[in-house]
There are 2 protein chains.
Amino acid sequence: MTQLQNQRIVLAARPDGRPQPSDFRVEYSAIPVPAEGEVLLENLYLSLDPYMRWRMSAAKSYAEPVGIGEVMVGGTVARIKHSRNPLWQEGDMVLAYAGWQRFALSDGLDLRLLDPGIAHPSTALGVLGMPGFTAYSGLLTIGQPKPGDTVVVAAASGAVGSVVGQIARIKGARAVGIAGGPEKCAFVKNELGFDAVIDHRAADFAQQLAEACPNGIDVYFENVSGAVWDAVRPLLNDFARIPVCGLIAHYNDRSVPGQQVDRLPATMHDILAKSLTVRGFIQTEFVDEQQDDFLQEAAQWIDQGKLKWREDIVEGLENAPEAFIGQLEGRNFGKLIVRLA
Amino acid sequence: MTQLQNQRIVLAARPDGRPQPSDFRVEYSAIPVPAEGEVLLENLYLSLDPYMRWRMSAAKSYAEPVGIGEVMVGGTVARIKHSRNPLWQEGDMVLAYAGWQRFALSDGLDLRLLDPGIAHPSTALGVLGMPGFTAYSGLLTIGQPKPGDTVVVAAASGAVGSVVGQIARIKGARAVGIAGGPEKCAFVKNELGFDAVIDHRAADFAQQLAEACPNGIDVYFENVSGAVWDAVRPLLNDFARIPVCGLIAHYNDRSVPGQQVDRLPATMHDILAKSLTVRGFIQTEFVDEQQDDFLQEAAQWIDQGKLKWREDIVEGLENAPEAFIGQLEGRNFGKLIVRLA
């Protein structure tokens, strides 16, 4: 393991329920050599995101699964180490989708140049990147918050939820966050400025949520599902909008039918009785039409102090699997990023 | 029981699961006398519709429940028997919401005048009434069928489903109907002109549905839920639209948790993975904006032979409870109407 080797994390096995460290394997190999037209990327930061759990499973979701023995996928901030592509210069800082590895090749088509003077390049993976755009496009296009509306979002200290609540407030709505534990709750309320925050670990969580939403819920930005959905559902107002962005509570579900209650009829009942809109989305759907507006507006909101973020930085690629496993259980605090350099 | 008495059917008890005849009671009373500004209506036709099952339960849905001892609600075609309202004349034929009874009073505000020369006044309760408008507004506004799309609808011989499939075809989409039994299936295919029809009683129903939808499903007009949803869900295409208009399979559900499979996580998974839109609606939402267009377009489609309907006429108000109970089990064949006169 020297600087002259590539370090990569590959999918060793498909998880059965909660991923285990043994589902990942660290490998070392020669640093790849770019062909004509290619560039060699050195990844500096790797984004860890809950959607990666889906890609570990064999079932096709909205993208193909990662193959066994293949490098785990993921967004990265990289520097161009060597270029054989006339469009890219050595030293350029770029946003890439280069995966869980130190070095990678690219044909240059999937890269976006980052401002070389950018103070925090890792924000291209968070508040100014895919998670921020997910919040922006899903909330504004599907959620359509109006002044005075109540907008509820879980994982409110996370990369997506934190942006959802702050944009809701920018649009004149009331933002109610849900987070796990007193430290995250204090951050959501005091730093991010949400109007209210509820700890989902509280025994009377549903009761507290109802009290925090005296006028009901107009927009529920769904990124967890599970018990949070059960508490949100009775509070939804007629014509409420539910952008479905993630279902982290179910990502580790095993398909073991047991002695359960079927919760589908009650949900369908409310969809009909309250004229709800439930709409799944992946941010890629909105990129062409909205990404430029997002980057401009979000940068402005950051300058104005209206849009804040927090990162949870893990040092070293070899610690990515454990950090990712923890993320699925809510152990990260802020946008989870691995620093590779 | 003479012509000089009013005959009414009131809610005697709230059903526990499937309604029983004993949940209804026939009552006789004096014909009411209109006050100044009121009219006396004589109901000629009463519409029976699945939504009435909701109104029999104590839980508020999208409307208040019928009280114990109160007349069952419902749309009617009525003649004005006596008028003390200058806007209405004796003999006027009107669409009313006068419930399960022979005579009723109205202040005249909730009536719509029907063309006195109308050949089939009962169509104001079906293809040209609330069920037809439910199909029109839900399919076009939420379902948004495009030429070449596959549109699936259950209860395809019924008042709503039959119109959904025919309008889908008018808009250039492929209509696949689901119905119960060979007679209804033949009607849907041969009379209504659907592209395909599946009998939901077939043992290999899901397999047959998949074969009838080789390009997947773009619009599923949900009016039954239950097992049909389970068969439809895997066939839905990315960005499919699901107007939720009814859930007849669940209307008689008892809230007895048993050894079940929780079907919510799989549904939420597909909503996310396929970017589905699931939208509940009640037609009243669209009346102001769309009802005039509907009445005009539907009349034209009928003239052109593109929009057909079938009625299932029951004679006598005293037979309404049994007919309604049968409707919840799919025993009617076409728009279910009680003739009172």
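This write-up is about the structure you can find in this document. (Residues numbered from 1 in each chain as written. Chains lettered and ligands numbered in written order. Predicted model: local features only at pLDDT ≥ 70, side-chain atom pairs only at ≥ 80, totals over all residues. Heavy atoms only, no water.)

This next bit is on empty space enclosed by the protein. All names here are of chain B. Applying the stated criterion across every chain, the model contains 2 cavities of 30 Å³ or more. As for the largest cavity, its lining consists of Thr123, Gly126, Val127, Ser157, Gly158, Ala159, Ser162, Trp309, Arg310, Glu311, Gly334 and Lys335. One number sums up the size of the second largest cavity: a volume of about 40 Å³. In terms of residue class, the lining of the second largest cavity is made up of 4 nonpolar, 3 polar and 3 charged. (1 Å grid on protein atoms, 1.4 Å probe; cavity = no way out; pocket = protein on both sides within 12 Å on 5 of 7 lines; lining within 4 Å. Points joined across faces, edges and corners; volume = space filled by probe spheres on them. Nonpolar A, V, L, I, M, F, W, Y, C, P; charged D, E, K, R; others polar.)

Further remarks concern the nonpolar core. Residues A:Trp100, A:Leu209, B:Trp100 and B:Leu209 are the most contacted members of the largest nonpolar core, which totals 111 residues. Not counting chain neighbours up to four residues away, the residues in contact with A:Leu209 comprise A:Val152, A:Val176, A:Ile178, A:Ile198, A:Ala231, A:Val232 and A:Leu235. (Core = buried A, V, L, I, M, F, W, Y, C linked by side-chain atoms within 4.5 Å. Buried < 20%, exposed > 50% of the residue type's maximum accessible area, 1.4 Å probe, protein only. Contact = heavy atoms within 4.5 Å.)

The next thing to look at is the packing of helix H2 (residues 130–143) of chain A against helix H8 (residues 287–303) of chain A. All names here are of chain A. It is the contact of H2 with H8, at a shortest axis distance of 10 Å, that shows an interaxial angle of 110°. When the axis of H2 is compared with that of H8, the two are roughly perpendicular. When H2 is examined against H8, the residues Gly132, Phe133, Tyr136, Ser137 and Thr141 are found in contact with a partner set consisting of Val287, Gln290, Gln291, Asp293, Phe294, Glu297 and Trp301. Here the residues of the contact of H2 with H8 are counted per class, giving 5 nonpolar, 5 polar and 2 charged. (Axes fitted to C-alpha atoms, helices over the stretch in contact; angles between N-to-C directions. Helix = DSSP H or I, 4+ residues; strand = E, 2+ residues; numbered from the N terminus. Parallel < 35°, antiparallel > 145°, perpendicular 65-115°, else oblique.)

Moving on to the sheet that holds strand S9 (residues 174–179) of chain A. Strands sit in the order S10(A)-S9(A)-S8(A)-S11(A)-S12(A)-S13(A)-S13(B)-S12(B)-S11(B)-S8(B)-S9(B)-S10(B) across an open sheet of 12 strands; the sheet is mixed. Across the chains shown, the open sheet's two edge strands, defined by having one partner strand only, are strand S10 (196–199) of chain A together with strand S10 (196–199) of chain B. Across this sheet, the average inter-strand angle for adjacent strands is 15°, counted without regard to direction. The pairing of strand S13 (residues 277–280) of chain A with strand S13 (residues 277–280) of chain B spans 3 bridges and is antiparallel. From the neighbouring strand, A:Arg279 faces S13(B), where its bridge partner is B:Thr277. In the packing of helix H7 (residues 264–273) of chain A onto the sheet, the strands contacted are strand S12 (236–244) and S13 of chain A together with strand S12 (236–244) and S13 of chain B, and the crossing angle to S13(B) comes to about 65°. Sheet strands touched by helix H4 (residues 182–191) of chain B: strand S9 (174–179) and S10 of chain B. Its angle to S10(B), the strand with the most contacts, is close to 170°. (Pairing = 2+ DSSP bridges.)

Turning to unusual backbone geometry, a few remarks are in order. Residue and element names in this part refer to chain A. Of note, serine 275 is a non-glycine position whose phi angle comes to about 50°, a positive value. Mapped onto the elements, serine 275 comes out in the loop between H7 and S13. Using a relative accessible area of 5% as the deciding quantity, one classes serine 275 as buried.

Right, let's get into the side chain of A:Asn6. All names here are of chain A. Among the secondary structure elements, asparagine 6 is positioned in strand S1 (residues 5–11). In this structure the side chain of asparagine 6 is engaged in a polar contact, spanning 2.9 Å, whose partner is the backbone nitrogen of phenylalanine 103. Once residues lying within four places of it in the same chain are set aside, the contact partners of asparagine 6 are Glu27, Tyr28, Ser29, Ala30, Ile31, Pro32, Gln101, Arg102 and Phe103. (Polar contact = N/O pair within 3.5 Å; in protein donor to acceptor, adjacent residues only side chain to side chain.)

All names here are of chain A. All buried positions along helix H5 (residues 205–212) are accounted for by Phe205, Leu209 and Ala212. The buried side chains of H5 occupy one side of the element, clustering within an arc of 65° when seen end-on. The inward-facing, buried residues of H5 abut strand S8 (150–153), S9, S10 and helix H6 (227–232). (Arc of directions from axis to C-beta.)

What follows concerns the interface of chain A and chain B. Taken residue by residue, the interface counts 38 residues in chain A and 38 residues in chain B. Around 3,200 Å² of area is buried between chain A and chain B when both sides are counted, 67% of it from carbon and sulfur atoms. Area buried by chain A at its contact with chain B is led by A:Leu264, A:Met268 and A:Leu272, which between them contribute 21% of it. Where chain A touches chain B, the interface holds 2 salt bridges. Of the charged contacts in the structure, one is a salt bridge between B:Arg263 and A:Asp262, with a shortest N-O distance of 2.8 Å. Counting every contact that joins chain A to chain B gives 7 residue pairs in polar contact (both at pLDDT 80 or more). Secondary structure elements with two or more residues in the side of chain A that touches chain B: S12, H7 and S13 of chain A. For the side of chain A that touches chain B, the element with the most residues is H7(A), which contributes 8 residues. Here the residues of the side of chain A that touches chain B are counted per class, giving 20 nonpolar, 12 polar and 6 charged. (Buried area = accessible area lost by both parts, 1.4 Å probe. Salt bridge = Lys/Arg side-chain N within 4 Å of Asp/Glu carboxyl O.)

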